Amino acid sequence: MVAVKKPLRIGFIDRIAIKNKRSMEKIRTVLVTGGCGFIGANFIHLVNETRPDWRIVNLDLLTYAGNLSNLHGIEEGARYRFVKGDIADAALVDGLFEQENIDTVVHFAAESHVDRSIVGPAEFIRTNIFGTFTLLEAARKAWLADSAEAADPRFLHVSTDEVFGSLGDSGFFNETTAYDPRSPYSASKASSDHLASAYFHTYGLPVLITNCSNNYGPYQFPEKLIPLIFNNARTGRSLPVYGDGKNIRDWLYVNDHCQAIIAVIDKGTVGRSYNIGGNNEKTNLEVVSLICDILDEKLGLLPNGAVRRSLITFVADRLGHDRRYAIDSSRLKTEIGWQPSVTFGQGIALTIDWYLTNQQWLDTVIDGSYQQYYERMYG
Ligand code: NAD
Ligand code: DAU
């Protein structure tokens, strides 16, 4: 008698497991926005090294913060294409989804510096809100139309812990913390998070949101605290510390942020947000002092024999300066298995070594427009 094989019954849980496995192994065509900026460039380098099955289309307007030399070694070809353009240009973005069969978006592009948002908020509203809206619309048209072909697409919206506002001496931001943005930058990011979330709830767009704490590492533009202090301390200029220097940030090495983003694309549940943090709370004064000490050790004392801490100068506080950020990333750890790979001490040593060996990169990005910015901000 011939044994009749029973059809294999696949239960709900099995189907989820198969779908998850499929999405983990998926060959992806990823639209990275803002890939010439600090985190975007680190992300592209990481994907290039670790995900040979992904093709990247990098859309970047090359604003003051975007720099093609951040992607030194990444060649145009089967795995990579660069497109100079604006995320708020609907025709361009729609065209890219169609030509490239984009099935994944990792959306970094933004105006990202709080101080600039205080001086001139308009560009933050345009890029961060309208630009995100344009991308969401393009993804909706490409992925949710009746004729859509993209299998298992993902729209990962990269956001910040600043949307949650400012903490007192204790407590952490988690994914259920109410939004309470305080600067034009964080308000524009909060708006874009709400839009992304609305596209999931209203249209079923497969959106994932990540809210990360302060990043540091290679290719960070020297308007942000760590590279600015490095650059000034190296050359013996004064080190501007806002207010009393006791504001606290939760620092994360940029490569760990990028690893988390890849893990969320692979294993995240659509419609959910994930907080990412390093559990490295430091006051600004601690960070600045540490950079001074490391440079004293590596480069020797200043020409006048003084330690670099002597360059610390307390300056007027940032308007609406958030006091403390601290992230609870237990959802990311328990659901996805991510954890940071380096401590702050290790990460800052790697970062300072990188800046010391890439002095030419720093010299290139500190061009005329940076000097004007610096004069306007610090006098
Ligand atoms: P960045 O300022 O270094 O880079 C931004 C990039 O976006 C630049 O390459 C710029 O040219 C590009 N860009 C700006 N406007 C554009 C437009 N209209 N169209 C296309 N490209 C445009 O920023 P970053 O520090 O790398 O931050 C990346 C993302 O991560 C941002 O969304 C930011 O809100 C978020 N984030 C940053 C941090 C951090 O500590 N830096 C922490 C959490 C979240
Ligand atoms: O928390 C995540 C956010 O971290 C990101 O969303 C932003 O894109 C990113 O820029 C960063 O925002 P911050 O405002 O925290 O970073 P910044 O490097 O500008 O400042 C860090 C702290 O250092 C802050 O408390 C202000 C202070 N500061 C900054 C500068 C540039 C100074 O004391 N002196 C300075 O010159």
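Anyway, here's the lowdown on the structure attached to this text. (Residues numbered from 1 in each chain as written. Chains lettered and ligands numbered in written order. Predicted model: local features only at pLDDT ≥ 70, side-chain atom pairs only at ≥ 80, totals over all residues. Heavy atoms only, no water.)

**Things to note about the pattern of salt bridges**
Selection rule: Any Lys or Arg side-chain nitrogen located within 4 Å of an Asp or Glu carboxyl oxygen qualifies as a salt bridge. Exposure is judged per residue with a 1.4 Å probe applied to protein chains only, and the accessible area is read against the type maximum: over 50% gives exposed, under 20% gives buried, and values in between give partly exposed. Working definition: helices are DSSP H or I runs of at least four residues, strands are E runs of at least two. Numbering for both runs from the N terminus.
Considering all chains together, one arrives at 19 salt bridges under this definition. A salt bridge links Asp180 to Arg182, with the nearest nitrogen and oxygen atoms 3.1 Å apart. Classification of Asp180 as partly exposed rests on a relative accessible area of 33%. Note on Arg182: relative accessible area 45%, which makes it partly exposed. Across the pair Glu335 and Arg272 runs a salt bridge whose closest N-O atoms are separated by 2.7 Å. Of the two residues, Glu335 is situated in helix α10 (residues 330-336) and Arg272 in the loop between α8 (254-267) and β11 (273-276); the sequence distance between them amounts to 63 residues. Since its relative accessible area comes to 36%, Glu335 is described here as partly exposed. A network of salt bridges, in which partner residues are shared, links Arg51, Asp53 and Asp266.

**Quick look at the site of ligand 2**
Applied cut-off: Any residue with a heavy atom positioned within 4 Å of a molecule or strand is treated as near that molecule or strand. Between N or O atoms, a polar contact is any pair within 3.5 Å; within protein, one atom must be a potential hydrogen donor and the other a potential acceptor, and residues adjacent in sequence are included only when both atoms are from side chains. Classes in brief: Ala, Val, Leu, Ile, Met, Phe, Trp, Tyr, Cys and Pro nonpolar; Asp, Glu, Lys and Arg charged; the others, Gly included, polar.
Taken together, 23 residues sit near ligand 2, with Asp161, Tyr185, Arg318, His321 and Tyr378 positioned nearest. Contacts to ligand 2 include Arg249, whose side-chain N or O atom sits 2.8 Å from an oxygen atom. A total of three residues in the shell around ligand 2 trace back to one element, the largest contributor, which is strand β8 (residues 239-242). Here the residues of the shell around ligand 2 are counted per class, giving nine nonpolar, eight polar and six charged.

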